[in-house]
Amino acid sequence: MIKLTCRAAGRVLCPGLRCFSGGEVTEHASGWIQSPHLTEQASLYVHWPYCLRRCSYCNFNKYIPKKNNDHIMTKCLQWETDTLLQLSQVSCITSVFFGGGTPSLTHPSTIAAILETLSKRMSLSDEAEITLEVNPTPAGMSKLDDFVRAGVNRFSIGVQSLQDEDLKSLGRDHSSQEALKTIEEARRLCPGRVSVDIMFGRPKQTVESWEKELSELLRICDDHVSLYQLTLERGTQLFKQVQCGEVTVPAEDVTAEMYQCARKTLQQHGFLQYEVSNFARHNSVSHHNMSYWRGKQYIGVGPGAHGRFVPLGEGGVFREARTQTLEPDVWIREVQQRGHGTRRRIQLSRLELLQEVLVMGMRKTRGISHKHWELFSPEMGLCEIFGASMDVQQLVQSGQLILDDRGLCCSWDGLALLDSILPTLLVELERQILQKPHRDHSVFTDGQTKKTSNPQ
Ligand SMILES: C[S@@+](CC[C@H](N)C(=O)[O-])C[C@H]1O[C@@H](n2cnc3c(N)ncnc32)[C@H](O)[C@@H]1O
Ligand SMILES: C[S@@+](CC[C@H](N)C(=O)[O-])C[C@H]1O[C@@H](n2cnc3c(N)ncnc32)[C@H](O)[C@@H]1O
Ligand code: SF4
């Protein structure tokens, strides 16, 4: 069963990450047929696992390299890309995202090589969004034009804060001035396609200082902003500092105010909020992240990457949740031995898939349209599932939820409370789906719906 670990205003991460990682998806599956038109396209995520140092708050899958592994890592990323693309039923990749870790540490030829592997195997349209995450250090900035030559057409810059003191205490290796320069250079190279990540709820931050910082950011940013509420992650240095009282973070009501004030300020500057943490103007939404929130297929390559796609063979109808081996050296060995480092494959049952579509879709301000839901659940519409529930009705009456002829979505106030709304929706979804078994259940035998523990 899904465990809700994402905070609404928080690190709404890219999908798959927190919400559905590890044992949080049940390891049983029941018969479910995937419509062919949902299987032919996918986005591609490529994970570069290395960083120069550890930021105090970060528990992403990243490692400080003991030696230079760039050459072998590049070869293995190419190899795994090729293997997983072949294993899928995909014929077209719609977007690529190079994340990490710090993918801007790579040589631009690594990016070019992976994109070339991809284009040899299948089509990648000229308009496909190709994002690279960039740490705004002078070294990162100096390579931006080479990254563009390698095929990148969107940059996501990890600014995190514009306060030098905060950057230092968070363990970042850049200054606010360097961040501003990197944004300027990225905008020159990819006008309209530069995003910035900034975190709020940081130690010592006040609503007033956050407002000032946001105005400064708005003066220099491009058309996309991701706002993440700082999450205290177990095992990080920041977590320990807060536990022992060495550092304090703002109280929950203060971070809630920061979130609301940022939403209003961004709106006043022409940004449309399109997801809990994401804001865009001039239609510059992130296509890659949108594909996650729309429950589309994605292929995850590299140590610790996640994917969701229907593999070829074995009936070829079940979407799988795949996780690649976390540790880079082990992952490299596995790729060298068998062409990929998939550590876990779990076939998603119909209920599990609908849970993902619900949780991801409700993060969007527009929520889930009837038409979209129908793609995944042709037999049971949103009204049939949620319309008669007293608990859902209560959320509608209190103004947090909207269920109308367009579909299901959160109101402005409801979006900030998404984490408390989702459990009600998930309980109702489970009740309804289990009450009305899918007619395709009978088509499959147990053998076709089992969890696969031996990755291939
Ligand atoms: C995993 S980082 C990778 C990008 C790049 N290495 C960087 O640091 O900018 C992606 C984003 O996750 C967000 N993030 C990482 N740890 C977080 C935390 N503990 N709470 C909230 N957001 C976090 C940051 O905003 C960061 O830009
Ligand atoms: C926090 S999001 C930031 C996106 C950014 N705000 C943007 O709009 O482009 C990116 C991070 O999520 C993680 N991520 C995204 N997709 C992933 C996947 N399929 N598997 C593993 N990690 C993923 C990576 O750590 C990546 O650095
Ligand atoms: S926040 Fe980014 S740079 Fe810092 S340790 Fe995490 S992945 Fe590396």
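It should be emphasised that the depicted structure is a prediction, and the values quoted were computed from it without experimental measurement. (Residues numbered from 1 in each chain as written. Chains lettered and ligands numbered in written order. Predicted model: local features only at pLDDT ≥ 70, side-chain atom pairs only at ≥ 80, totals over all residues.)

S.K.: Outline the site of ligand 1, supporting the account with residue identities and numerical values.
M.R.: As a matter of local geometry, ligand 1 sits amid 17 residues, with F60, G158, D197, Y228 and T231 nearest to it. Elements with a minimum of two residues in the shell around ligand 1: β2 (92-100), β4 (154-160) and β5 (194-200). Considered class by class, the residues forming the shell around ligand 1 number 6 nonpolar, 7 polar and 4 charged. (Near = placed C-beta within 6 Å. Helix = DSSP H or I, 4+ residues; strand = E, 2+ residues; numbered from the N terminus. Nonpolar A, V, L, I, M, F, W, Y, C, P; charged D, E, K, R; others polar.)

S.K.: If you had to explain the nonpolar core to someone new, which residues and values would you point to?
M.R.: Ranked by size, the top nonpolar core spans 107 residues in total, and within it L44 and V96 carry the most contacts. The biggest single contributor to this core is helix α12 (residues 350-361), with 7 residues. Of the domains in this structure, domain 1 (33-292) and domain 2 (368-436) are the two that each give at least three residues to this core. (Core = buried A, V, L, I, M, F, W, Y, C linked by C-beta atoms within 7 Å. Buried ≥ 20, exposed ≤ 12 C-beta atoms within 10 Å, placed from the backbone. Domains from an automatic or database assignment.)

S.K.: Summarise helix α17 (residues 418-435); cite the residues concerned and give the values.
M.R.: If you check α17, its first and last C-alpha atoms are 26 Å apart, about what 18 residues at 1.5 Å a residue would give, namely 26 Å. Of all the residues in α17, the buried ones are L418, L422, L425, L429 and I433. Mapping the buried residues of α17 onto a view down its axis gives an arc of 75 degrees, with all of them on the same face. α17 presents P423, R431, L434 and Q435 as exposed residues on the side facing more than 90 degrees away from its buried surface. Tucked into the core, α17 has its buried residues touching α12, α14 (382-386), α15 (390-397), β15 (407-410) and α16 (412-415). (Expected span 1.5 Å × (residues − 1). Arc of directions from axis to C-beta. Contact = placed C-beta atoms within 7 Å.)

S.K.: So what's going on with the environment of R121? Residues and values would help.
M.R.: Structurally, R121 can be placed in helix α2 (residues 108-121). The spatial distance from the C-alpha of R121 to the C-alpha of E327 is 27 Å, given a sequence separation of 206 residues.

S.K.: Can you tell me about the confidence of the model for the chain, naming the residues and giving the values?
M.R.: Residues at a pLDDT of 70 or more form 87% of the chain, whose mean pLDDT is 89. Low pLDDT, under 50, characterises residues 1-33; the predicted model gives this stretch 91 contacts beyond four residues in sequence or across chains. Of the regions scoring below 50 in pLDDT, residues 439-455 engages in 24 contacts with residues more than four places distant in sequence or in other chains. The complex prediction reports pTM at 0.91, with the ipTM value standing at 0.99. (pLDDT = per-residue confidence, 0-100.)

S.K.: Tell me about the domain arrangement of the chain, and name the residues and values.
M.R.: Domain annotation of the chain identifies domain 1 (33-292) and domain 2 (368-436). For domain 1 and domain 2, the distance between their C-alpha centres works out to 30 Å. Counting from both sides, the interface comprises 6 residues of domain 1 and, opposite them, 4 residues of domain 2. Here the residues of the side of domain 1 that touches domain 2 sort into 4 nonpolar, 2 polar and no charged.

S.K.: Mind laying out the environment of E233, listing which residues take part and the relevant values?
M.R.: Along the chain, E233 falls in the loop between β6 (224-229) and α8 (237-243). Spatially, the C-alpha atoms of E233 and S56 are 9.7 Å apart, while their sequence positions differ by 177 residues. The contacts of E233, once residues within four sequence positions are left out, are Y57, N59 and F239.

S.K.: Tell me about the pairing of strand β10 (residues 306-309), and name the residues and values.
M.R.: Burial along β10 is two-sided: H306 and R308 and G307 and F309, pointing in opposite directions, are all buried. In terms of strand pairing, β10 meets strand β11 (residues 320-324) through 4 bridges, oriented antiparallel. By the bridge assignment for β11, G307 is matched with R322. (Pairing = 2+ DSSP bridges.)

S.K.: Go over unusual backbone geometry with me, naming the residues and quoting the values.
M.R.: With an omega of 20 degrees, the peptide bond between G100 and G101 qualifies as cis. Within the secondary structure, G101 sits in the loop between β2 and α2. For Q160, which is not glycine, the phi torsion reads 65 degrees and is therefore positive. A tally of 25 C-beta atoms within 10 Å means that Q160 is categorised as buried. We note that H282 has phi near 50 degrees; this positive angle belongs to a residue other than glycine.

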